[in-house]
Amino acid sequence: MKYFEANFDGLVGPTHNYAGLSVGNVASLNNAKNTSSPKQAALQGLQKMKALADLGMVQGVLAPQERPDVYTLRRLGFSGTDAEVIAKAAKQAPAVFRAVCSASSMWTANAATISPSKDTADGKIHFTPANLTNKFHRSLEPETTGRILKAMFSDERHFHHHQHLPDNDHFGDEGAANHTRLCSEYGETGVELFVFGRYAFDYNKPAPRNFPARHTFEACEAVARLHGLSDDKVVYIQQSPEVIDQGVFHNDVIAVGNQNVLFYHQQAFVDSAQKLDEVKRKFGDKSELYLIEVLDHEVTVQQAIQTYLFNTQVITLPSGEMAIIAPTECRDHPQVSAYLEQLTGRGTPIRQVHYYDVKQSMRNGGGPACLRLRVAMSEAEKQAVNPNVLLNDALFNRLNLWVNTHYRDQISEADLADPLLLNESRTALDELTQILQLGSVYQFQR
């Protein structure tokens, strides 16, 4: 049976804005309070999805969250009509209000951790939504994310959904942005790498000093247990506290993997040599495993952050060759573009580089890898996926029309308090659930 990896990209929400909410994310902070373009951001995201579909990849879409989140504002004591709640919150608690307007669910690498059926004890694909407890604006996402995932992957014969981990920083879980799966073929048992920033219950272990470590070792262990993974096919790796303090807020800013390739910076991990030896041992046939280490003199950590060299997608094309899907920032940086050009001729499976413009996302701190959630599956499992979320020419055209109909060209910080924006967003999302046939996944529909 044929196995492959599908990518499900997040549709950028109608309230896409630059509020600078993500401490530890350099791009997010640097662009705080700039005017954003939700329409351009959504169209850029769709264009990247279409480009990967045209390369022969299985490509799907994942719906955004409802924003502004007036339900959370009501929990926090704001009352009245929806318009009154928005006005009061914007005036009395502007920082809280900006948070409940965030369109951060566009970065679906943080939506969940997913283990393919070949790795799990019950032979099903397992989904655990990330709780994202470290950032208030993102901690509002997991319940709706869970409902959307269940609407996309509803067949219980093939898919097993878990509740997100407890809403506590001790079990801080950032999803697939800190998770990589290595395998010889997608249809074979893989080695799942869980990367974390700190130990929640042991304060003697190394941890960053300047920026928060969002993902804990204890969360990694919990997800591996929930998914029924074998201990001899799991590796827990701590992210270097020093690179977190430089602005590497997730592992996918400093490392990325696909099949038998792990592409990473030499400063990415704690106890790097020892942990990579464990990866080799659990992977098995070492001759098939490519560990591509980028050295400091080739690309510095800061250059990697500026260009998101590692927040690229490494994909396997239908031809069997691998390609890197990179933002145009990589192409426009002399040292990084030179590195990528020579990488394709080094005899590794990576033979191509494709550049795409995702500037609206990049300015808020997310590159191509942040925008997608990967699901390795068989053809039979694909047949069990809600077909309305899988991209084809008709859906691409329909979603472009949907964006052009409902999205604003620009949004400033002041625009977020416009009560009409909530109505516009709900109208758009209600139509989207009909296009994708998701049912009533949003609170306003329930």
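Placed above this text is the structure.
My aim in this report is to walk through the structure given alongside it, one point at a time. (Residues numbered from 1 in each chain as written. Predicted model: local features only at pLDDT ≥ 70, side-chain atom pairs only at ≥ 80, totals over all residues. Heavy atoms only, no water.)

Regular strands place side chains that alternate from one sheet face to the opposite one. In terms of residue burial, strand β7 (residues 191-196) counts as a mostly covered element, since six of its six residues are buried. Burial of the side chains of β7 extends over both faces: Val191, Leu193 and Val195 are buried on one face and Glu192, Phe194 and Phe196 on the other. Bridge count for β7 against strand β8 (residues 234-238) is five bridges, and the pairing is parallel. Residue Phe194 lies in a different strand from β8, and its bridge partner there is Tyr236. In this region the chain leaves β7, passes through helix α8 (residues 217-226) and returns to the parallel neighbour β8; the handedness of that crossover is right-handed. (Buried < 20%, exposed > 50% of the residue type's maximum accessible area, 1.4 Å probe, protein only. Helix = DSSP H or I, 4+ residues; strand = E, 2+ residues; numbered from the N terminus. Pairing = 2+ DSSP bridges. Right-handed = clockwise from strand over helix to strand, strands pointing away.)

A separate point is empty space enclosed by the protein. In total, this model carries seven cavities of 30 Å³ or more according to the counting rule given. Here the largest cavity defines a volume of roughly 280 Å³. As for the largest cavity, its lining consists of 23 residues, and the residues nearest its centre are Glu5, His179, Thr180, Arg181 and Arg374. (1 Å grid on protein atoms, 1.4 Å probe; cavity = no way out; pocket = protein on both sides within 12 Å on 5 of 7 lines; lining within 4 Å. Points joined across faces, edges and corners; volume = space filled by probe spheres on them.)

Let's shift gears to the packing of aromatic side chains. On inspection of all chains with the given rule, the structure shows 15 aromatic pairs. Put simply, the rings of Phe194, Phe196, Tyr199, Phe217 and Tyr236 touch in pairs and so form one group of aromatic residues. Between the NZ or CZ atom of Lys50 and the centre of the ring of Phe396, over which it lies, the distance is 5.6 Å. In this structure, Lys205 packs its charged tip against the face of Tyr199, placed 5.1 Å from the ring centre. (Phe/Tyr/Trp six-rings, centres within 6.5 Å; stacked < 30°, edge-to-face > 60°. Lys NZ or Arg CZ within 6 Å of the ring centre and 35° of its normal.)

It is worth spelling out the layout of surface pockets at this point. Empty space within the largest pocket amounts to approximately 530 Å³. For the lining of the largest pocket, the elements supplying multiple residues, two or more each, are α3 (70-75), α6 (136-139) and α7 (142-152). Per element, the largest residue contribution to the lining of the largest pocket is four residues, and it comes from α7. When the residues that make up the lining of the largest pocket are grouped by side-chain class, the tally is six nonpolar, seven polar and eight charged. Each pocket or cavity is described by its volume, and for the second largest pocket that value is around 360 Å³. (Nonpolar A, V, L, I, M, F, W, Y, C, P; charged D, E, K, R; others polar.)

Bringing the sheet that holds strand β14 (residues 350-356) into the picture now. Read across the sheet, three strands follow the order β12-β13-β14 without closing on themselves; strand pairing throughout is mixed. With one partner strand each, in any of the chains shown, β12 (313-316) and β14 form the two edges of the open sheet. Pairs of neighbouring strands in the sheet enclose a mean axial angle of 25 degrees, with direction left out of account. Two strands pair when backbone bridges link them, and strand β13 (residues 322-327) and β14 are joined in this way by six bridges, in the parallel orientation. In the sheet register, Met322 faces β14, and the bridge partner there is Ile350. Against the sheet, helix α2 (residues 38-54) contacts β12, β13 and β14, and its axis sits at roughly 25 degrees relative to β12. Packing of helix α13 (residues 334-343) onto the sheet brings it into contact with β13 and β14, and relative to β14 it is tilted by some 145 degrees. (Axes fitted to C-alpha atoms, helices over the stretch in contact; angles between N-to-C directions. Contact = heavy atoms within 4.5 Å.)

A cis geometry characterises the amide bond from Arg67 onward to Pro68, with omega recorded as 0 degrees. Its place among the elements puts Pro68 in the loop between β2 (59-62) and α3. In this model, Leu132 sits at a positive phi of 55 degrees, which is unusual for a non-glycine residue. Along the polypeptide, Leu132 turns up in the loop between β4 (125-129) and α6. For Gln437, which is not a glycine, the phi torsion comes out positive at approximately 50 degrees. Looking at where Gln437 falls in the secondary structure, it is placed in the segment after α17 (419-436). A residue is classified by how much of its surface remains accessible, and Gln437, at 52% relative accessible area, is exposed.

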